[in-house]
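Listed here are the chains, written in short residue letters.
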Amino acid sequence: MKNGEATAMRNRGRVALVASALMMTTALVPIMGIGPAMAQQARDTDIAAEHAFDIPAQPLTRALAQFGLQSGLQVTVDGALVRDLDAKPVTGTMRADTALELLLSGTGLNYDLTDDGTLVIEALNTGAAGGEVLDPVLIEAAGAELSGPTDAITDSFVAGRSTTASKTDTAILDDPTAVSVVTQKEMEMRNVQDVSQAIGYTSGVTVSEYGSDNRYEYVRIRGFGSQALGMYRDGLPSRIYNFVGARQEPYGVQQIDVLKGSTSSLFGLNGPGGLVNMTTKRPEDEFHAEAFTTFGEDHLTTGTDFGGPIDANGKWSYRLTGLWQDAENEQDYSQDDRVYIAPAFTYKPKAGTELTILTSYNNRESGLGYGFPVGIETSRNAFFGEPDFNNYDTEQTEIGYQFSHDLSDALTFRQNARYTKLNLDYEAISLSNDTPLGDRTAFAVYGEQDRFSIDNQLQYDTAWDQFDSKTLVGIDFNRDQNRERRFDGTASPIDPYNPSYCGRSCINLNFTSDTEITQTAYGVYGQEQLTIANDWIATVGGRYDYVQTDTDTLSSNTLDERDDQQFTSRLGLTYKVTDEMSVYGNYSESFQPINTSSSITPGGNKPQTGTQYEVGFKYQPTNFDALFTAAVFDLTQENVSQYDGATKTYVQVGRINTQGLELEGKMSLAERTNLTLSYSYLDAEIEDDATMSNIGNRPELIPEHTASAWVDYTLAEHGVFGDLTLGAGARFVGARYNNNANGELLGSHTVFDAAVNYAVTDTVSLAVNATNLFDREYVASNSFGSRFYGDGRTVLATVKYTW
């Protein structure tokens, strides 16, 4: 070993040792933080403490819920006392008792503070209270659905808050970033069957660019692919390094946030376009239960989701979500069979301390969707492989937890961790793109992945004079070990117009490689959200990442080691024009290491980096439930790794720029109408490329225009007839080029979706959902010499029983 190499190894070891020690220290904080001194401090909840309040005029029940969330105090009230009462707006930094007095002014109500720190709302003259007396209602629990950042929104398409954009509970109106939220209500209304369907109506997002190829969630945000590094669950990454990856079960998800633009200052290594963060269903404070069956052509699904409190005090709660599916995809011999089960438990020993354990088992047996080589014109359902060798089967087991503890009124510690075990059996046969009538191409990968992720956060909230401060510091750690054994070969030719299958006996496979990629990433980050005079909000963040990537080709006994490190930043400024309207601007950066072996990158491997400038506008009216957003951005990625066919090596000379406009609106009106609207314009250009003739061209598969709209309306029950909901939507994707050479322009397409839901009784409903209602045939992409068709019409009927 050379002296320089030895020094590098020693330095690498020191960094890993120091980072590991930091991770161990932060992992001990939850245990140490609940010692006697801290426990005593947590019990001393002081109603005289100052907090930043932002509570608009609204019904008193909802206002008390927001007061409890923003002050950290627990509130109970007799339901009869607050019926039909409205609260005045309360905005600004003040003592909690002052804010509560303002809320209750003019209502004839007062409050009392019990020994355990609970606020009890009561009438000023208890003897004057007549009529029905209801059981006390725990306002904190009742208001969770209203404003809690991790609670399901089941009655609206609109979310007012998100923890994804800043890793803190922040109003979307206040954050200087474009973030779109798909609520549980919206997913249920459209009966989404995968994550791509769920976010398909989101501005700035294109999905399913390879049509019926359903191995991964093919997602582009602002023109850049996000399926490899940009898929998150509960704030932790689910990265794909080569072939091993699993699709998430949408029935196990209660909300999906799409964070747009460069995000590395909080989340570390990521692409420049943004990320998708899915929130797992978790226990709720009240009992709920449902069971359903969905059926259609070659499709049968049944599932259940139930849970609630375990003990009378509500300290323990549980949830069990399960699903079984036996289905086929559109292409012949392509199945979509699923088994999903997800037990979850929450423990709340006292106010300000909460532990949620999330576990899941996700087994998915899928066939593959294939492309059609140029010149092969036949039914889009045609199958050119072998029925017994057509698998993308994944088995994923996860266990994790989310812990939070208020060390004081102002200081909160959070820890989020998850371990994932994933196995893949991938077997496929396809027509050769060059000689489709000759020998077919055979391919197989058998892989497994082990992943451990942990994110530690410390948040400090304080206020003085005209300033409100929210400070976040964090340390996270991710370790992925990905091993794949690859086989390549051929299979006997087949007549694509009259296929006759030969089984496994005609498949000749040869061992190609056995590769293990181990990536260990350490990150330290900080963020300050400073509110000035209630109108200006400055957001400043920075993060340092150190990433070790080892590529061990076991079949050739070669090891490639690489260390990457990067500091990324984010600067944002929001101005609250009114309580309903804000304008913002931001600058952000991204950092994306690449996994290409150094043997075929003679110039070295530099991380791909991105920078973004963005300005935007947000409007959330107080007199109806809606959120409207607009954003203009300029986003550039550099050091793009590209294959040079002349030298058969990779070079990093690529630079891609996208400039665009995004418009989006979501509304839920009078509990009868839901509406989503989106439009995106994207001007994308290759500014530098290994192929000089590509410079100035439009990058492949990026449309200039996309748009979507969905509306549903409920006809109220009448006599013996229950509520009837009718919904319809349209998704437009503009023309795009099939490659960076801009050789072929793929035509635009519009597909329509529809839904009908009838409430048979208060507990039984019948729904019918259709995607691509008019069975529009279109080419989603034409890549690698093959055309990939979009999915055809699917009609599913669902019977659901709730109790």
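Each remark here, short or long, concerns the structure printed above.
Not measured: the values here are computed from a predicted model.

## Things to note about empty space enclosed by the protein
- Taken as a whole and judged by the stated rule, the model has 10 cavities of 30 Å³ or more.
- A volume near 180 Å³ is recorded for the largest cavity.
- If you trace the largest cavity, you find 17 residues lining it, with Met-231, Ser-238, Ile-240, Ala-246 and Gln-248 closest to the centre.
- Of the residues assigned to the lining of the largest cavity, the class counts are 7 nonpolar, 6 polar and 4 charged.

## Side note on the nonpolar core
- In terms of nonpolar packing, the biggest core is built from 24 residues, with Phe-67 and Ile-121 touching the most fellow members.
- By residue number, the principal contributor to this core is helix 6 (residues 96-104), which donates 5 residues.
- In this view, Phe-67 contacts Phe-53, Ile-55, Gly-72, Leu-73, Val-75, Ala-96, Ala-99, Leu-100, Leu-103 and Leu-119; residues no more than four positions away in its chain are not counted.

## Observations concerning the packing of helix 4 (residues 60-71) against helix 6
- Remark: helix 4 packs on helix 6, axes separated minimally by 11 Å, with the N-to-C direction vectors making an angle of 175°. In terms of their interaxial angle, helix 4 and helix 6 are classed as roughly antiparallel. For the pair helix 4 and helix 6, the contacting residues are Leu-60, Ala-63, Leu-64, Phe-67 and Ser-71 in the first and Ala-96, Ala-99, Leu-100, Leu-103 and Leu-104 in the second.
- The class makeup of the residues in the contact of helix 4 with helix 6 is 9 nonpolar, 1 polar and no charged.

## Overview of the pairing of strand 44 (residues 786-789)
- Alternating positions in strand 44 separate into two faces, Ser-786 and Phe-788 on one and Arg-787 and Tyr-789 on the other, with burial throughout.
- Alignment of strand 24 (residues 372-373) against strand 44, held across 2 bridges, turns out to be antiparallel. Bridge pairing in strand 44 places Pro-373 opposite Ser-786.
- As defined by bridge partners, strand 43 (residues 779-783) adjoins strand 44 across 4 bridges and the pair is classed as antiparallel. Across the sheet, Asn-782 pairs through a bridge with Arg-787, a residue of strand 44.

## Some thoughts on a negative patch on the surface
- A cluster of like negative charges, contributed by Glu-297, Asp-298, Asp-326, Glu-328 and Asp-332, occupies part of the molecular surface.
- Tracing the backbone shows Asp-298 in the loop between strand 19 (288-296) and strand 20 (299-309).

## A look at the pairing of strand 3 (residues 74-78)
- Burial within strand 3 is extensive, with 4 of its 5 residues counted as buried.
- With 4 bridges connecting them, strand 3 and strand 7 (residues 118-123) associate as parallel partners. Looking at strand 7, one finds that Val-77 is bridged to Ile-121.

## A few points about the side chain of Asp-257
- Note on placement: Asp-257 falls in strand 17 (residues 253-260).
- Within the buried core, Asp-257 has no salt-bridge partner, and the shortest N-O distance to an opposite charge, that of Lys-666, equals 9.9 Å.
- Separated by 2.9 Å, the side chains of Asp-257 and Gln-255 make a polar contact.

## Quick notes on the sheet that holds strand 14 (residues 224-225)
- Strand order in the open sheet formed by 3 strands is 12-13-14, with antiparallel pairing between adjacent strands. The open sheet is flanked by strand 12 (205-207) and strand 14, the only strands paired with a single partner.

## A short note on the pattern of salt bridges
- Using the criterion set out here, one finds 40 salt bridges in the structure.
- For Glu-186, the salt bridge identified is with Lys-666, shortest N-O distance 2.8 Å. Of this pair, Glu-186 sits in helix 9 (residues 184-190) while Lys-666 is found in strand 35 (residues 649-669), placing the two residues 480 residues apart along the sequence. The burial state of Glu-186 is the same as that of Lys-666; both residues are buried.

## Quick notes on the environment of Asp-535
- Within the secondary structure, Asp-535 sits in the loop between strand 29 (507-532) and strand 30 (536-553).
- Asp-535 sits 42 residues away from Val-577 along the chain, and the two C-alpha atoms are 7.2 Å apart.
- Residue contacts for Asp-535: discarding those within four places in its chain leaves Thr-574, Tyr-575 and Lys-576.

## Section: the sheet that holds strand 44
- An order of 24-44-43 is seen for the 3 strands of this open sheet, with the pairing classed as antiparallel. The open sheet has two edge strands, strand 24 and strand 43, and neither has a second partner.

## Remarks on the state of the cysteines
- Going through the model one piece at a time under the given rule, you end up with 1 disulfide.
- Covalently, Cys-502 is tied to Cys-506 through a disulfide, its sulfur atoms 1.7 Å apart. On the S-S bond that ties Cys-502 to Cys-506, the torsion sits near 50°, and the link is right-handed.
- Take Cys-502: its relative accessible area is 30%, and that puts it in the partly exposed class.
- What makes Cys-506 buried here is its relative accessible area of 9%.

## Digging into helix 6
- For helix 6, the set of buried residues is Ala-96, Asp-97, Ala-99, Leu-100, Leu-103 and Leu-104. For helix 6, the angular spread of the buried residues around the axis is 160°, confining them to a single face.
- On its buried face, helix 6 sits against strand 1 (50-55), helix 4, strand 4 (86-87), strand 5 (90-95), strand 6 (109-113) and strand 7.
- At the exit of helix 6 stands Gly-106, carrying a positive phi of roughly 80°.

Here is what the cut-offs are and how they apply
- Residues numbered from 1 in each chain as written.
- Predicted model: local features only at pLDDT ≥ 70, side-chain atom pairs only at ≥ 80, totals over all residues.
- Heavy atoms only, no water.
- 1 Å grid on protein atoms, 1.4 Å probe; cavity = no way out; pocket = protein on both sides within 12 Å on 5 of 7 lines; lining within 4 Å.
- Points joined across faces, edges and corners; volume = space filled by probe spheres on them.
- Nonpolar A, V, L, I, M, F, W, Y, C, P; charged D, E, K, R; others polar.
- Core = buried A, V, L, I, M, F, W, Y, C linked by side-chain atoms within 4.5 Å.
- Buried < 20%, exposed > 50% of the residue type's maximum accessible area, 1.4 Å probe, protein only.
- Helix = DSSP H or I, 4+ residues; strand = E, 2+ residues; numbered from the N terminus.
- Contact = heavy atoms within 4.5 Å.
- Axes fitted to C-alpha atoms, helices over the stretch in contact; angles between N-to-C directions.
- Parallel < 35°, antiparallel > 145°, perpendicular 65-115°, else oblique.
- Pairing = 2+ DSSP bridges.
- Patch = residues over 30% accessible without salt bridge, like charges linked within 9 Å, V, L, I, M, F, W, Y side chains within 5 Å.
- Areas by Shrake-Rupley, 256 points an atom, 1.4 Å probe, with all protein chains shown as cover.
- Salt bridge = Lys/Arg side-chain N within 4 Å of Asp/Glu carboxyl O.
- Lys, Arg positive; Asp, Glu negative; His and termini not counted.
- Charge placed at Lys NZ, Arg CZ, Asp CG, Glu CD.
- Polar contact = N/O pair within 3.5 Å; in protein donor to acceptor, adjacent residues only side chain to side chain.
- Disulfide = S-S within 2.5 Å.
- Arc of directions from axis to C-beta.

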